[in-house]
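# Geometric and topological summary
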Amino acid sequence: MSKRDSVKHKIDRRLGENLWGRPKSPLNNRAYGPGQHGQRRKGKTSDYGLQLRAKQKLKGYYGSITEKAFKKLYTEASRVKGDTGERLIGLLESRLDAIVYRAKFVPTVFAARQFVSHGHILVNGKRVNIPSYQVKVGDKIEVRERSKQLGIVLEANQLAERDVPEYVEADHSKQTAVYVRVPALSDVPYPVQMEPNLVVEFYSR
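The structure presented is a predicted model; accordingly, all values stated were derived computationally and were not measured.

### Things to note about the confidence of the model for the protein
Looking at the protein as a whole, the pLDDT averages 85, with 79% of positions reaching at least 70. Per-residue pLDDT stays below 50 along residues 1-6; that stretch engages in 6 contacts with residues further than four places along the chain or on separate chains.

### Some remarks on the environment of tyrosine 133
Tracing the backbone shows tyrosine 133 in the loop between β2 (126-127) and β3 (140-143). Exposure remark for tyrosine 133: the relative accessible area of 28% places this residue in the partly exposed category. A sequence separation of 17 residues divides tyrosine 133 from valine 116, and the C-alpha atoms of the two residues are 9.8 Å apart.

### Things to note about the packing of aromatic side chains
One pass over the structure, following the stated rule, counts 7 aromatic pairs. Measuring from centroid to centroid gives 6.4 Å for tyrosine 62 and tyrosine 190, while their planes differ by 90 degrees, and the two rings are edge-to-face. With tyrosine 62 in the loop between α2 (47-61) and α3 (67-79) and tyrosine 190 in the loop between β5 (176-179) and α8 (196-204), this pair connects stretches of sequence that are 128 residues apart. Both residues of the pair, tyrosine 62 and tyrosine 190, belong to the buried class.

### Examining α2
Across its 15 residues, α2 extends 21 Å between first and last C-alpha, which sits within 8% of the 21 Å expected from 1.5 Å per residue. Buried residues of α2: Gly49, Gln51, Ala54, Lys55, Lys57, Leu58, Lys59, Gly60 and Tyr61, and no others. Positioned one or two residues after α2, glycine 63 has a phi angle of 85 degrees, which is positive.

### A word on the pairing of β3
Relative to β3, strand β1 (residues 121-123) is paired through 3 bridges, and the arrangement is antiparallel. Residue pairing for β3: leucine 122 is matched across the bridge by glutamate 142. Inspection of the sheet shows β3 paired to β5 by 3 bridges, in the antiparallel sense. In the sheet register, lysine 140 faces β5, and the bridge partner there is valine 178.

### As for unusual backbone geometry
Despite not being glycine, asparagine 124 shows a phi value in the positive range, around 55 degrees. Topologically, asparagine 124 is positioned in the loop between β1 and β2. Exposure remark for asparagine 124: the relative accessible area of 47% places this residue in the partly exposed category. A positive phi is found at glutamine 175, a non-glycine position, where the angle reads about 55 degrees.

### Looking at the sheet that holds β5
Picture the strands of a sheet paired through backbone hydrogen bonds; they go either parallel or antiparallel. Spatially, 5 strands are ordered β2-β1-β3-β5-β4 in an open sheet, and the strand pairing comes out antiparallel. With partners counted over all chains shown, the strands left at the sheet margins are β2 and β4 (168-171), one partner each.

### Some thoughts on helix α6 (residues 109-117)
Those residues of α6 that fall on the buried side of the exposure criterion are Val109, Phe110, Ala111, Ala112, Phe115 and Val116. With its phi angle positive at about 80 degrees, glycine 119 sits one or two positions after the end of α6.

Here is what the cut-offs are and how they apply
Residues numbered from 1 in each chain as written. Predicted model: local features only at pLDDT ≥ 70, side-chain atom pairs only at ≥ 80, totals over all residues. Heavy atoms only, no water. pLDDT = per-residue confidence, 0-100. Contact = heavy atoms within 4.5 Å. Helix = DSSP H or I, 4+ residues; strand = E, 2+ residues; numbered from the N terminus. Buried < 20%, exposed > 50% of the residue type's maximum accessible area, 1.4 Å probe, protein only. Phe/Tyr/Trp six-rings, centres within 6.5 Å; stacked < 30°, edge-to-face > 60°. Expected span 1.5 Å × (residues − 1). Pairing = 2+ DSSP bridges.

As structure tokens, then:
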């Protein structure tokens, strides 16, 4: 098992949910936490525990973003009038690595971060190697010409387990995508229920 897969599986089992809806998740066979105490009955979770879990789940889904980076996105989301939770989701989905994943250029969010940082992606014709780069509506994202035949790209295009959402227009014959609009929570195809309102409560304590 690769290190990246190992990390994915640990996150799944720790949170008790198949975060990415992957058929190879160990939760499909072992629906309990890791370690010798993983099968113990759990007591009632406190409000703080529920909020923390919601935060860890959202952070984990996007490739285990660091706490510093995640808190920065929350702070930015809270500055704008309106629903902070919805705004937070919009900022997370506007990250370049998230768009690369949504466009099905690569099979996982972890691969998306690595793919971007290795310089395989162009934004409006310019190479960008910062996974957290905030993509703007109308931006064109494409795989560099020399990277289009990489096995990881060809594999992702064939994945049947997820579709490209409506807020991203992807052309896999050219390996290009356009960020059409910032999505609302209901637009994002999460395989599990995300609760950004609890994340807001966590940081508002």
